[in-house]
Amino acid sequence: MSNVPVPSLPDEVPPPITGGVLLQAAWAGVALFAATATSVLVVPGLVVLSVPVALLLFVAGTVAFASAYWQGVQRSRDDAISVADLFFLTHCAPRSVRRSFLGALLAQVVVAMVTAAMRPYSALAFGVMAPMWALGLAGLWGARYGAFPPRNDGPQRRPDASAAQRRPPPG
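Residues numbered from 1 in each chain as written. Predicted model: local features only at pLDDT ≥ 70, side-chain atom pairs only at ≥ 80, totals over all residues. Heavy atoms only, no water.

Draft legend 1. Region of the structure containing the environment of V97. Within the secondary structure, V97 is located in helix α4 (residues 95-118). Taking the relative accessible area as the measure of exposure, V97 reaches 2% and is therefore buried. Residues V97 and T18, spaced 79 residues apart in sequence, show a C-alpha to C-alpha distance of 9.2 Å. For V97, the residues in contact, after removing those within four places along its chain, are I17, L23, L89 and W141. (Helix = DSSP H or I, 4+ residues; strand = E, 2+ residues; numbered from the N terminus. Buried < 20%, exposed > 50% of the residue type's maximum accessible area, 1.4 Å probe, protein only. Contact = heavy atoms within 4.5 Å.)

Encoded structure:
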């Protein structure tokens, strides 16, 4: 027998990404949209599938967006939340989550623009609404799982305004 060390497995498995279902749904929407939109370029008759998919993604994304906004407003009573943080996950999500959601959004935008440009003035123009899916789900992730700083509702004065108040009136 040789004394070759056997690699050991880690004692703990890394935890799954919080809200991973939303991330998977975002990429599933990208795959479905890309498949239906690009298939129309090959078989124009498949537009009967592409348009409903694009509209479904838009409507479902709009519902997710509205829900994210509502949940974000509710959380904003205690947390300092900006729209960029909520929907683009700028300061509230791990880098991997942010990159994945923004990648899904970018992929949907690219597919929508390229397919619409290849067949201008066609039903593929409906595809430009589909990226609402990834944006809405990113916002929903931010509203549910984002880490925001607490609100600071202390007195907020602008330095120039306080200085103007101390000056005597002209006279």
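Draft legend 2. Inspection of the packing of helix α2 (residues 47-75) against helix α5 (residues 132-145) at higher detail. Viewed as axis vectors pointing N to C, α2 and α5 meet at an angle of 25 degrees, and their least axial separation amounts to 7 Å. Between α2 and α5, the crossing angle belongs to the class labelled roughly parallel. Here α2 runs over α5; the crossing is left-handed. Touching L57, F58, A60, G61, T62, A64, F65, S67, A68, Q71, G72 and R75 of α2 are M132, W133, L135, G136, L137, G139, L140, G142, A143, R144 and Y145, all from α5. Taken together, the residues of the contact of α2 with α5 sort by class into 13 nonpolar, eight polar and two charged. (Axes fitted to C-alpha atoms, helices over the stretch in contact; angles between N-to-C directions. Parallel < 35°, antiparallel > 145°, perpendicular 65-115°, else oblique. Left-handed = near helix turned anticlockwise from the far one by under 90°. Nonpolar A, V, L, I, M, F, W, Y, C, P; charged D, E, K, R; others polar.)

Draft legend 3. Structural detail: the packing of α4 against α5. Between α4 and α5, the least distance of the axes is 8 Å, while the angle of their chain directions is 160 degrees. On the basis of their axis angle, the class for α4 and α5 is roughly antiparallel. As for the relative orientation of α4 and α5, their crossing is left-handed in sense. Along the contact surface, α4 presents V97, F101, A104, L105 and Q108, while α5 presents W133, A134, L135, L137, A138 and W141. The residue inventory of the contact of α4 with α5, partitioned by class, reads 10 nonpolar, one polar and no charged.

Draft legend 4. Fine view of the environment of G29. If you trace the backbone, G29 turns up in helix α1 (residues 20-42). Along the primary structure G29 and G61 are separated by 32 residues, whereas in three dimensions their C-alpha atoms are 9.9 Å apart. Other than its neighbours up to four places away in sequence, G29 contacts L57, Q108 and W133.

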